[in-house]
Amino acid sequence: MNRRRFLIYPMVGALALASLGLSQPATTAAQSNVVNVYSARHYGALEKVFAEFSRETGIQVRLSNASSQALLERLRAEGKQTPADVFFVIDAGTLQIAAEEGLLQPIESNVLKTAIPAELRDPKNRWFGLSQRLRTIVYNPNKVKPSELSTYEALADRKWRGRLCMRPATHIYTISLVASMIANLGEQKTEQVVRGWVANRPTFIDSDSRILETIAAGKCDVAITNHYYVGNALRKDPNFPVKVFWANQNDRGVQVNISGAGVTANALNRENAIKLLEWLATRGQDPGEAGLAGGNNEFPVNPSAQPTEIIKGFGPFKADLASLPQYGPLQAQAIKLLERAGYK
Amino acid sequence: MLPAILVLLPTLGLTLAWLRLEGGAWLHLWNTLLPEMLLNTALLMLGVGTVTLVMGSSLAWLVTTYDFPGVRTIEWLLVLPMAIPGYILGYVFMALFDYAGPFQTQLRAWFGPPFELPEFRSLPGAVLVLSLSLYPYVYLLARTGFREQSAAQRDAARVHGYGRWGAFFKLALPLARPSLAAGTALVLMETLTDFAVVRYFNTVTLSEGVVRLWIGQMDRDAAVQLSSLLMFIALSVVLVERYLRRRARYYQLGSQSRPIARVRLSGWRAIAASALPLALLMLAFGLPMIQLVSWAIAEVAVAEPGTLDAVFGPYLLNTIGLSAGAACLVSAVALVMAYATRAYGPPSAARARARLLARTATLGYAMPGAVVALGVLLLLAPLNEAVLNLTGGALLLSGSLIGLMYAYLVRFLAIGFGNIEASLEKVTPTMEMAARSLGAGPLRVLGRVHLPLIRTGIFAASLLIFVDTFKELPATMFLRPFGMETLSVWTYMLASESAWQAAAVPSLVIVLSSAIATLLLMRLSWSGTNSQMHAGLEARL
């Protein structure tokens, strides 16, 4: 019962905070062997890829994960002081908004230009697509014939009442899908379609993989998910009973989004950031499990790289690349539309 | 009273946001989500409030009034579900009980495929999860409330012809009203804070709306306005509770000389009395733990060697560091505040003002985490510019440790202040007078007289703050510095992607540490002569 015991309190507190302070990346100076990445990509899909990058280049990757929108908000708030060198998100719209707000810098790199087709990168070179994901229709083959399926719009038909699973409006996948529809169909027609979906009383599940499991268990007959969730489920279980249907093949093509990255406007480790992007656009396109695209069954952006055998099995498709540049400008409109239409 | 003012600033900032009210944004909100948000928030509060009140008070009545096999163990175990935060219990339940989950799959196997339960991802699902993780607040306070009642009072009721049930409804329940109100108010505040469970369960509420607008739609102004609305609701919960408590306090002054003897149950009644709470515990704690452990084992088995501890180690250290930092900082500020406002000397206007200010400052606990985070961010944004210019960009305030610690201070000061104030009040002023008359200065009195006497209170306060920071999700998520993942943020991120197996490892660490801390706190309070836990929990208000 002496006074010294109470000195433990301020000492422990100060120590705890000091250790936290020291463990943070020094944000004021560039470091030779580090690159700081804000990433919205799923946990587990990136660690192996970055480990491989570090092995080959000796550059250590520091990750901070959050959703695309949260990372954008954070980048805005931090402005010039952001510790992030690379902004790596899973949505073209978010990249476009970040670029337009001056948060990303143009990168002149011949490696990136040759590796990535022009329609999958920013014309002003502020962001680069690194893998493609197709948001399409999936179905239970025991309950639905592929001939019954055609377009996203057709899912507004009454015959799908009580048979749909959908991702909630809070998720960027839903928002960009609706933005692509606004780009193609106009706002009025899109709202009609979304109201039709809502009238069909879909089951909202905020996880593409759980949506697939729910279809497999027999609840929903049809849903809209990203193609690679089916690929990943098939990788675990070759008999997984949910099939992929490429939407809108007779008109604009299936909706395509990218996971892509840009270098932040004031990146302290700019050279390392460029190296990382170049590596991801070339070596990282490997169809193996350590590849950015292959590891997650996404389609590579680099035409010289092959997709995995599993997703090749989904068959050829036509993709709607034309509306991709409009996701960013149309997202705000898409959110308001979803809210008006009563989409959860 | 600098600390008090500091703590109040972020909330004031939010209130000021009403001054630049934008009609357009409100109109859109009102035409779309706002009515649903308000309705869902009201229904959620009503549902969770009612269920926890009924569950908590009847369980407390059961363990304080009756004697049945295992009653003493059950009495302890019933607080354990508190150790599983809603954002963990929520995803475990979703995985277990939704359509694709094992429970319904089994039911379909038994009763045929058309068999289907109502959609689990819904408001009732959220009510179930929140109630199971929050009822211990009511239970703990109700238990203390019932125990403080004297046997004499109850005997008198029996003599006047009331049966045991009559005595419960006419006497015990009204007498325990202050405790029940306090417990329910705590539950309602936690319910208001939650944005994770309601999001899992597709239920748009005000808290979820703040996150939706702020992060999902990057509309910070609308988020600020919505969160000020949320703030007023939280405030009214506190005010109603304080009003209920004040009116009823005087009933509690009855003597407690003779504790109430438990009524021994036998036969099927005894079995039912043991089985019901145990079944509840199985659902709220046992089942989720089994699921978490089996996921964690599977995860460890498939993880690449080294990757798990490479990620996990730093996150754990971050969490411990933040929690220890917050515990020390908040306890220190609380000690200063409690010492400054302690009952010593004749009442004066200045001290009354200080006490009022302190009471107001502790309202921060009622503020939902997302609201506090927004408030801190708003406050620090202009300050941030100034500091950046001064230090040449060396120090980044918002999104830094300082901002985060500030948010913890706002949110948890009440816990620290209440505990420490409660123990300071038990130090009689005469002791201090004696020390002062023997020539000791105020600092020496604090060091030699007060601190040794109230160290249990300080310890309990620090432990509570430590655990609450350990579990805290919203403020940590929005304000943490670059790359500083914590276990709670990591858990939520994985769980919201349905990477349940991977989320199990950090979840288990959170649950086990808060279970240990909870049991430790109960040991401190239940073994002591006074009900420290009661004070500690009440202190959150």
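Let's talk about the overall build of chain A
Working step 1: What chain A contains, in helices and strands, is twelve helices and twelve strands.
Working step 2: Radius of gyration (C-alpha) of chain A: 22 Å, near the 20 Å computed for a compact globule of 344 residues.
Working step 3: Judged by the C-alpha coordinates and their principal axes, chain A covers about 75 × 60 × 40 Å.
Working step 4: Expressed as a percentage of the 344 residues in chain A, the buried residues total 54%.
Working step 5: Long-range contacts, defined here as pairs at least 24 residues apart, represent 78% of the contacts in chain A between residues at least 6 apart.

What to know about the overall build of chain B
Working step 1: Scanning chain B from terminus to terminus reveals 25 helices and two strands.
Working step 2: The buried share of chain B, taken over its 541 residues, is 50%.
Working step 3: Partitioning the intrachain contacts of chain B with sequence separation of at least 6 by distance along the chain shows that 83% fall at a separation of at least 24.

Digging into the packing of helix H5 (residues 86-97) of chain B against helix H14 (residues 267-302) of chain B
All names here are of chain B.
Working step 1: In contact at an axis separation of 10 Å, H5 and H14 are set at 85° when each is read in the N-to-C sense. By the angle class used here, H5 and H14 are roughly perpendicular. Taken together, the residues of H14 that come into contact with H5 (itself represented by Leu-89, Val-92 and Leu-96) are Pro-288, Gln-291 and Leu-292.
Working step 2: Looking at side-chain class alone, the contact of H5 with H14 contains five nonpolar, one polar and no charged residues.

Describing the packing of H5 of chain B against helix H7 (residues 123-148) of chain B
All names here are of chain B.
Working step 1: Orientation of H5 relative to H7, taken along the N-to-C sense of each, is 135°, at an axis distance of 9 Å. Judged on the interaxial angle alone, H7 and H5 are oblique. For H5 against H7, the interelement crossing comes out right-handed. The segment H5 lies against H7, with Gly-86, Leu-89, Gly-90 and Phe-93 engaging Val-129, Leu-130, Leu-132 and Ser-133.
Working step 2: Looking at the contact of H5 with H7, its residues break down into five nonpolar, three polar and no charged.

Comments concerning the domain arrangement of chain A
A common measure of how large an interface is: the accessible area buried when the components associate.
All names here are of chain A.
Working step 1: Under the domain assignment, chain A is made up of domain 1 (31-132 + 257-310) and domain 2 (133-255 + 318-340).
Working step 2: Just the C-alpha atoms count here: the centres of domain 1 and domain 2 sit 26 Å apart.
Working step 3: Contact residues are listed per partner, giving 19 residues for domain 1 and 18 residues for domain 2.
Working step 4: Those elements that provide at least two residues to the side of domain 1 that touches domain 2 are helix H3 (68-78), helix H4 (92-100), strand S5 (128-139) and strand S10 (254-264).
Working step 5: Here the side of domain 1 that touches domain 2 takes six residues from H4, the largest share from any one element.
Working step 6: Of the residues in the side of domain 1 that touches domain 2, the class split is three nonpolar, twelve polar and four charged.

Examining the nonpolar core
Working step 1: Counting 262 residues, the largest nonpolar core has Phe-87 of chain A together with Val-330, Leu-409 and Leu-413 of chain B as the members making the most contacts within it.
Working step 2: Looking at which element gives the most residues to this core, the answer is helix H18 (residues 401-425) of chain B, with 16 residues.
Working step 3: Three or more residues apiece are contributed to this core by two domains, here domain 1 (31-132 + 257-310) and domain 2 (133-255 + 318-340) of chain A.
Working step 4: Not counting the four nearest positions on each side in its chain, Phe-87 of chain A is found in contact with Tyr-38, Leu-71, Leu-75, Ala-98, Leu-104, Ala-261, Gly-262 and Thr-264 of chain A.

Re unusual backbone geometry
Working step 1: Positive phi, close to 45°, is recorded for Arg-201 of chain A, a residue that is not glycine.
Working step 2: Take Arg-201 of chain A: it is sitting in the loop between helix H7 (187-199) and strand S7 (203-204).
Working step 3: Since 13 C-beta atoms lie within 10 Å of it, Arg-201 of chain A is described here as partly exposed.
Working step 4: Backbone geometry places Asn-202 of chain B, a non-glycine residue, at a positive phi of 50°.
Working step 5: Inspection of the secondary structure assignment puts Asn-202 of chain B in the loop between helix H11 (196-200) and helix H12 (206-216).

Thresholds, definitions, all that
- Residues numbered from 1 in each chain as written.
- Chains lettered and ligands numbered in written order.
- Predicted model: local features only at pLDDT ≥ 70, side-chain atom pairs only at ≥ 80, totals over all residues.
- Helix = DSSP H or I, 4+ residues; strand = E, 2+ residues; numbered from the N terminus.
- Rg over C-alpha atoms; globule rule 2.2 N^0.38 Å.
- Buried ≥ 20, exposed ≤ 12 C-beta atoms within 10 Å, placed from the backbone.
- Contact = placed C-beta atoms within 7 Å.
- Axes fitted to C-alpha atoms, helices over the stretch in contact; angles between N-to-C directions.
- Parallel < 35°, antiparallel > 145°, perpendicular 65-115°, else oblique.
- Nonpolar A, V, L, I, M, F, W, Y, C, P; charged D, E, K, R; others polar.
- Left-handed = near helix turned anticlockwise from the far one by under 90°.
- Domains from an automatic or database assignment.
- Core = buried A, V, L, I, M, F, W, Y, C linked by C-beta atoms within 7 Å.

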